[in-house]
Amino acid sequence: MIDWANKKVIILDRDGVINHDSDAYVKSADEWKPIAGSLAAIAKLNSRFKVAVSTNQSGIGRGFYDESVLDDMHQKMATLLSEKGGHIDHIEFCPHHPDDGCDCRKPKPTMLKRIAEIFSATPDEVIFVGDSKSDYECAENFGCDFILVLTGKGLKTLDKLAGKDLLVEKSLAKIVEEIA
Ligand SMILES: O=P(O)(O)OC[C@@H](O)[C@H]1O[C@@H](OP(=O)(O)O)[C@@H](O)[C@@H](O)[C@@H]1O
Ligand SMILES: [Mg+2]
Ligand SMILES: [Zn+2]
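Residues numbered from 1 in each chain as written. Chains lettered and ligands numbered in written order. Predicted model: local features only at pLDDT ≥ 70, side-chain atom pairs only at ≥ 80, totals over all residues. Heavy atoms only, no water.

**Here's the deal with unusual backbone geometry**
Reasoning step 1: Backbone torsion omega between K106 and P107 reads 15°, so that peptide bond is classified as cis.
Reasoning step 2: With respect to the helices, strands and loops of the structure, P107 is situated in the loop between β3 (90-94) and α4 (110-118).
Reasoning step 3: At Y25, a position not held by glycine, the phi torsion is positive, near 70°.
Reasoning step 4: As for its position among the elements, Y25 is in the loop between β1 (9-12) and α1 (38-45).
Reasoning step 5: A positive phi angle is found at S120, which is not glycine, with a value near 50°.
Reasoning step 6: Following the sequence through the fold, S120 ends up in the loop between α4 and β4 (126-130).
Reasoning step 7: Among the residues examined, S120 registers a relative accessible area of 57% and is labelled exposed. (Helix = DSSP H or I, 4+ residues; strand = E, 2+ residues; numbered from the N terminus. Buried < 20%, exposed > 50% of the residue type's maximum accessible area, 1.4 Å probe, protein only.)

Put into structure tokens, the structure is as follows:
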């Protein structure tokens, strides 16, 4: 069970949690499309938590798009969110190719650590919401609670994590409904 009263920061994976993911990568602002209910859910979370994003963006390292295009995606996310009365307090992203051996790519906990430091939160005051196995492993490596959502790659991840003691919810919107 999650002790929501003790949580200061909710960190969201991006692709497959906030917006629809694609096996061909989300390569432009045009391709960035919010999952139904996710933006309104973030607006509700804003009243109780700092809301941050931790996202692997290896599409940059793979040369599919660059950081200015990523900024365009995040500007679109901010604009659509503000129309719902919501905002993201901080975004951490890893632009590297998996072969770069960087220190920030999930499942390494570096991005979660940075976010927790920014908001002076200990790992037990943080919850991470993701759709992939590397998100689960990242939360394990950081030592915070994790919720797997079944949007994006979540259903496939559920199979990969069979047998693990796991909190699972249909979507980010469902999580927010449950804690209202
Ligand atoms: O879910 P987050 O972390 O927000 O972003 C995931 C994306 O960066 C991409 O990550 C890739 O994994 P590789 O980075 O190629 O292993 C693939 O899974 C893509 O389908 C996906 O769009
Ligand atoms: Mg994801
Ligand atoms: Zn990195």
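**Thoughts on the environment of V53**
Reasoning step 1: Position of V53 relative to the elements: it lies in strand β2 (residues 50-56).
Reasoning step 2: Along the chain, V53 and M111 lie 58 residues apart, while their C-alpha atoms are 9.1 Å from each other.

**Things to note about the UniProt feature "binding site: Zn(2+)" (unreviewed entry) in the chain**
Reasoning step 1: Mapped onto this structure's residue numbering, the UniProt feature "binding site: Zn(2+)" (unreviewed entry) falls at C94, H96, C102 and C104.
Reasoning step 2: Mapping H96 onto the fold places it in the loop between β3 and α4.
Reasoning step 3: Each residue touching H96, except ones within four places of it in the same chain, is listed here: S58, G61, C102 and C104.
Reasoning step 4: As for its position among the elements, C102 is in the loop between β3 and α4.
Reasoning step 5: On the basis of relative accessibility, which here comes to 13%, the residue C102 falls in the buried class.
Reasoning step 6: Apart from residues lying up to four places away in sequence, C102 is in contact with C94, H96 and K108. (UniProt positions renumbered as here; feature names shortened; annotations may be inferred. Contact = heavy atoms within 4.5 Å.)

**As for the coordination of the zinc ion (ligand 3)**
Six octahedrally arranged donors around a metal ideally form angles of 90 or 180 degrees; four tetrahedrally arranged donors ideally form angles of 109.5 degrees.
Reasoning step 1: Every protein donor of the zinc ion (ligand 3) is accounted for by C94 (SG), H96 (ND1), C102 (SG) and C104 (SG), and the metal-donor separations fall at 2.0 to 2.3 Å.
Reasoning step 2: One can describe the site at the zinc ion (ligand 3) as tetrahedral: its four donor atoms subtend angles covering 102 to 117° at the metal.
Reasoning step 3: All donor residues of the zinc ion (ligand 3) come from one chain, and their arrangement in sequence is C-x1-H-x5-C-x1-C.
Reasoning step 4: Judged by its relative accessible area of 7%, C104 is buried. (Donors = N, O, S within 2.8 Å, 3.2 Å for Na, K, Ca; no water. Tetrahedral: all angles 85-135°; square planar, octahedral: opposite > 155°, others 65-115°.)

**Some details on the state of the cysteines**
Reasoning step 1: Evaluation of the coordinates by the stated rule reveals zero disulfides.
Reasoning step 2: No disulfide involves C144; its sulfur sits 7.3 Å from the nearest other cysteine sulfur, which is in C138.
Reasoning step 3: Using a relative accessible area of 8% as the deciding quantity, one classes C144 as buried. (Disulfide = S-S within 2.5 Å.)

**Points about the site of ligand 1**
Reasoning step 1: The immediate surroundings of ligand 1 are formed by 15 residues, with D21, Y25, T55, N56 and R105 found nearest.
Reasoning step 2: Within the backbone of R14, a nitrogen or oxygen atom sits 3.2 Å from an oxygen atom of ligand 1.
Reasoning step 3: The backbone of D15 places a nitrogen or oxygen atom 2.8 Å from an oxygen atom of ligand 1.
Reasoning step 4: Relative to its unbound accessible area of 510 Å², ligand 1 is 83% covered by the protein chains.
Reasoning step 5: A per-class count over the shell around ligand 1 returns one nonpolar, five polar and nine charged. (Near = heavy atom within 4 Å. Polar contact = N/O pair within 3.5 Å; in protein donor to acceptor, adjacent residues only side chain to side chain. Areas by Shrake-Rupley, 256 points an atom, 1.4 Å probe, with all protein chains shown as cover. Nonpolar A, V, L, I, M, F, W, Y, C, P; charged D, E, K, R; others polar.)

**Some thoughts on the UniProt feature "site: Stabilizes the phosphoryl group" (unreviewed entry) in the chain**
Reasoning step 1: The sites that UniProt annotates as "site: Stabilizes the phosphoryl group" (unreviewed entry) are T55 and K106. Spanning 52 residues, the named residues form one tight spatial group whose C-alpha atoms are at most 7.8 Å apart.
Reasoning step 2: Summarising the element assignment, T55 is placed in strand β2.
Reasoning step 3: Once residues lying within four places of it in the same chain are set aside, the contact partners of T55 are R14, E92, F93, C94, K106 and M111.
Reasoning step 4: Looking at T55, its side chain comes within polar contact range of the side chain of Q57, at 2.7 Å.
Reasoning step 5: Note that K106 resides in the loop between β3 and α4.
Reasoning step 6: Judged by its relative accessible area of 3%, K106 falls in the buried class.
Reasoning step 7: The contacts of K106, once residues within four sequence positions are left out, are D13, S54, T55, N56, M111, F128, S134, D135 and C138.

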